[in-house]
Amino acid sequence: MLELAILGLLQEASMHGYELRKELTAKLGAIRAAISYGSLYPTLRRLQAAGWITEAAETPATAEEVPALTSRRGRVVYTITAEGKERFAQLIAQTGPETYGDTGFGVHFAFFSRTDQATRLRILEGRRRTIEERREGLRDMLGRAAERLDAYTLELQRHGLDACEREVRWLEELIANERSGRAPTVPQDGTAGGRREDNSPPPPGETRKERP
């Protein structure tokens, strides 16, 4: 999934490694916790070996622009190639089970604006089935084992069940919007759909913030 995220970001602009890391953090939000930044540079080298990106050194800064005792060595800038754009198009069109899990869904969802409607719908519906199965598994476990669980473990499982139920409602709203041709609205406060009601779920990986 890191490959998809890197290629997607490099389609927006060429970047050096530190910029990529910052943009990954901004783009993926809480999903970034599931991505190892230790694999960023190995992945960049693999993409370069495949011919999907190229690298070049930035023009080093002039002596007047560099503080004393600071290196003037240029940073490596990564740029996507035509083949890399084709690879991104292949990855973004995938709708298999790998796009329904937490990390896969989060990365694909981050690039939904560049995904066609039919693909978005298949991924959303697949994610909904995945979460519904997870929800039913938690319900079954609570029904069979609740008496054997201590209070804290029981509360943790109930929290997981509540998160599943909220995400299913969120997914159903997104699916309804897609089928009617509506996109999520982004008001001035930057939150999709405005301020969330108490019973609406946050995006995958986030926790709801209490109102002030």
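Details of the structure are given in the entry above.
Report on the accompanying structure. The structure presented is a predicted model; accordingly, all values stated were derived computationally and were not measured. (Residues numbered from 1 in each chain as written. Predicted model: local features only at pLDDT ≥ 70, side-chain atom pairs only at ≥ 80, totals over all residues. Heavy atoms only, no water.)

A short note on helix α5 (residues 102-110)
Right, on to step 1. Within the span of α5, buried status applies to Gly-104, Phe-105, Gly-106, Val-107, His-108 and Ala-110.
Right, on to step 2. Residues of α5 that are buried sit in contact with α1 (2-12), α2 (17-28), α4 (82-92), α6 (117-145) and α7 (151-180). (Buried < 20%, exposed > 50% of the residue type's maximum accessible area, 1.4 Å probe, protein only. Helix = DSSP H or I, 4+ residues; strand = E, 2+ residues; numbered from the N terminus. Contact = heavy atoms within 4.5 Å.)

Structural notes on the side chain of Arg-135
Right, on to step 1. Relative to the elements of secondary structure, Arg-135 occurs in helix α6.
Right, on to step 2. Excluding anything up to four places from it in sequence, Arg-135 contacts Leu-161, Cys-164, Glu-165 and Val-168.

Section: the packing of aromatic side chains
How two aromatic rings sit relative to each other is given by the distance of their centres and the angle of their planes.
Right, on to step 1. In the structure shown here, the tally under the stated rule is five aromatic pairs.
Right, on to step 2. With a centroid separation of 5.5 Å and an interplanar angle of 55 degrees, the aromatic rings of Phe-109 and Trp-170 are classed as tilted. Within this pair, whereas Phe-109 is found in helix α5, its partner Trp-170 is found in helix α7, the two being separated by 61 residues in sequence.
Right, on to step 3. Among the residues examined, Trp-170 registers a relative accessible area of 12% and is labelled buried.
Right, on to step 4. Among the aromatic residues, those joined into a ring-pair cluster are Phe-105, Phe-109, Phe-112 and Trp-170.
Right, on to step 5. In this structure, Lys-27 packs its charged tip against the face of Phe-111, placed 4.9 Å from the ring centre. (Phe/Tyr/Trp six-rings, centres within 6.5 Å; stacked < 30°, edge-to-face > 60°. Lys NZ or Arg CZ within 6 Å of the ring centre and 35° of its normal.)

Here we look at the nonpolar core
The nonpolar side chains of soluble globular proteins are, as a tendency, buried together.
Right, on to step 1. The biggest cluster of nonpolar side chains holds 24 residues, and the ones touching the most others in it are Ile-6, Leu-7, Leu-10, Leu-20 and Phe-111.
Right, on to step 2. Contributions of two or more residues to this core are made by α1, α2, α3 (40-49), β3 (76-80), α4 and α5.
Right, on to step 3. Among the elements that take part in this core, α1 stands out by supplying seven residues, more than any other.
Right, on to step 4. Apart from residues no more than four positions distant in its own chain, Leu-20 is found in contact with Ile-6, Leu-9, Leu-10, Met-15, Leu-44 and Tyr-78.
Right, on to step 5. Cys-164, Trp-170, Leu-174 and Ile-175 belong to the second largest nonpolar core, which has 16 residues in total. (Core = buried A, V, L, I, M, F, W, Y, C linked by side-chain atoms within 4.5 Å.)

A short note on the pairing of β3
Right, on to step 1. The pairing of strand β1 (residues 15-16) with β3 spans two bridges and is antiparallel. Within β3, the position partnered with Met-15 by the bridge is Tyr-78.
Right, on to step 2. Pairing geometry for strand β2 (residues 53-57) and β3, over five bridges, is antiparallel. When the sheet's bridge partners are listed, Thr-54 is paired in β3 with Thr-79. (Pairing = 2+ DSSP bridges.)

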